[in-house]
Amino acid sequence: MTKQQTNNPLILSTWSFAPVGADAAMPLLLAGGEALDAAIGAVTVIEDDPTIHSVGVGGLPDAEGRVSLDACVMENPDRCGAVCNVQRHPNPAAIARRVMDTTIHITLAGDEADDFATREGFVERALLTPDAQREWQTWRHDPSNINREKYQGWLPPMNVEEMDSKVGAPGGVFAGDGPDGSHDTVGVLVLDTHGKIAGACSTSGMAFKVPGRVGDSPIIGQGLYVDQTAGAACATGTGELISGVCGSFLVVELMRRGASPLEAIRETLQRIIDRFTLVQDHQVAMLAMTPTGDWASCAIRPGFHHTVTTSEGSKVEDPHGVMLPE
Ligand code: SD4
């Protein structure tokens, strides 16, 4: 684990695709910018990248072929916002921030969240790219015929009968969960030069999910939680597992009671392992940061990488722990 001085800003992100966003956001922090602005800035770049098939434009669609996006942002219990099932706008994290800043609410969902974004001046954009549409058509025609090499670790190794019974269910087809180079939810935790922490989390969720399904990512306390007095945590992986234990909230509360970031994540992942019947394709990985910049990452299974970004640039690294290495 690393100790970070407040004059050295820090960005922690899930997965190896994160440098494109974190590197774009670091100059803002070095210029004295705020943690929340940097977190949303980093996530927005990733949402706008159509080659990332699990966040923003280019995300894989639901079972009916519609892309739906979820995101939340947070600084403190009284400073958070979220949107679920956004289908007409590419940047749900920025919309979540607008919900936080301009309404008395925390979460907007569905068509009304899109309407809100349009009223607020966010530009509508088609989210389904030709690539993602092709993947969906392939899956719909024959779920066993999806390009497994490309999405190694993303799709479960199942025969068609198993696939039919599991699509859209925990243990079904996930967005991400793969080795280096795979695609998944982006969670970002930031420490700024003022000693303030913040986070953002954005996803298109589980690929080919049941329409209307909302995972952990936009739910405060599940995909993300931040409290200036206790720390920050975010999660990626099978949302139903994370939701079932209020994963990010649990990590932050364990740190509040004295656990180190790594101890807090380990205890939370162990809770998931103990309370669920895991299948091979289940994965959860989490990042945690204290208010002073101690941090750690840990995953249930191998394959997860985090990105750590300082004034020196970004490094993609293995997590500090893997609960079930085999
Ligand atoms: C979800 N946790 O919607 C998100 C997506 C993800 O691996 O991270 N999938 O369940």
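Q: For this particular structure, what's the right way to read the sheet that holds strand E7 (residues 224-227)?
A: Within a sheet, each strand pairs with its neighbour through backbone hydrogen bonds, oriented either parallel or antiparallel. An order of E7-E8-E9-E10-E13 is seen for the 5 strands of this open sheet, with the pairing classed as mixed. Of all strands in the sheet, those bounded by a partner on one side alone are E7 and strand E13 (321-322). Bridge count between E7 and strand E8 (residues 231-237): 4 bridges; the pairing is antiparallel. Its bridge partner being in E8, Asp-227 is matched across the sheet by Gly-231. Taken strand by strand, helix H8 (residues 247-256) contacts E7, E8 and strand E9 (284-289), and its axis lies near 145° from that of E8. Helix H9 (residues 261-275) rests against E9, strand E10 (295-299) and E13 of the sheet, and its axis sits at about 25° to E10.

Q: What is the right way to look at the pairing of strand E1 (residues 10-14) in this model?
A: For a regular strand, the rule is simple: side chains alternate between the two faces of the sheet. Among the 5 residues of E1, 5 are classified as buried, and the element is accordingly described as predominantly covered. The sheet contact formed by E1 and strand E11 (residues 306-310) spans 4 bridges and is antiparallel. The residue bridging Ile-11 from the neighbouring strand is Thr-309, located in E11.

Q: What is the right way to read the sheet that holds strand E12 (residues 313-317) from this model?
A: With mixed pairing, 8 strands are arranged side by side in an open sheet as E4-E3-E2-E6-E5-E1-E11-E12. Each edge of the sheet is formed by a strand with only one pairing partner; in this case those strands are strand E4 (107-109) and E12. Strand-to-strand twist of the sheet, defined as the mean angle between neighbouring strand axes without regard to direction, takes the value 10°. Relative to E12, E11 runs antiparallel, the two being bridged by 5 bridges. Directly across from His-306, in E12, lies its bridge partner Glu-317. The strands touched by helix H2 (residues 35-47) within the sheet are strand E2 (69-76), strand E3 (79-86), strand E5 (186-191) and strand E6 (197-203), with E6 carrying the most contacts at an inclination of about 20°. Sitting on the sheet, helix H3 (residues 92-102) touches E2, E3, E4 and E6, and the angle it makes with E3 is about 130°.

Q: What should I look at first to understand unusual backbone geometry in this one?
A: Glycine aside, residues mostly have negative phi angles, and peptide bonds mostly take the trans form. Here Asn-85, not a glycine, exhibits a phi torsion of approximately 60°, which is positive. Mapped onto the secondary structure, Asn-85 falls in strand E3. A positive phi angle, close to 60°, is found at Phe-208, a residue other than glycine. In this structure, Phe-208 sits in the loop between E6 and E7. According to the relative accessible area criterion, Phe-208 is buried, its value standing at 1%.

Q: Teacher, can you tell me more about the environment of Thr-193 here?
A: Examined against the element boundaries, Thr-193 turns out to sit in the loop between E5 and E6. Between the C-alpha atom of Thr-193 and that of Leu-30, which follows or precedes it by 163 residues, the distance is 7.4 Å.

Q: When you look at the pattern of salt bridges in this model, what are you seeing that I'm missing?
A: Two side chains that carry opposite charge are able to pair once their charged atoms sit near each other. Per the counting criterion, the structure on display carries 15 salt bridges. With a closest N to O distance of 3.3 Å, Arg-88 and Asp-111 form a salt bridge. Taken as a pair, Arg-88 in the loop between E3 and H3 and Asp-111 in helix H4 (residues 110-119) lie far apart in primary sequence, 23 residues in all. When its relative accessible area of 22% is taken as the criterion, Arg-88 is described as partly exposed. Ionic contacts of the salt-bridge type, sharing partners, join the residues Glu-34, Asp-37, Glu-75, Arg-79, Arg-97, Asp-101 and Lys-196 into one network.

So, how was this worked out
- Residues numbered from 1 in each chain as written.
- Predicted model: local features only at pLDDT ≥ 70, side-chain atom pairs only at ≥ 80, totals over all residues.
- Heavy atoms only, no water.
- Pairing = 2+ DSSP bridges.
- Helix = DSSP H or I, 4+ residues; strand = E, 2+ residues; numbered from the N terminus.
- Contact = heavy atoms within 4.5 Å.
- Axes fitted to C-alpha atoms, helices over the stretch in contact; angles between N-to-C directions.
- Buried < 20%, exposed > 50% of the residue type's maximum accessible area, 1.4 Å probe, protein only.
- Salt bridge = Lys/Arg side-chain N within 4 Å of Asp/Glu carboxyl O.

Without other data, these values stay purely geometric and don't point to any function.
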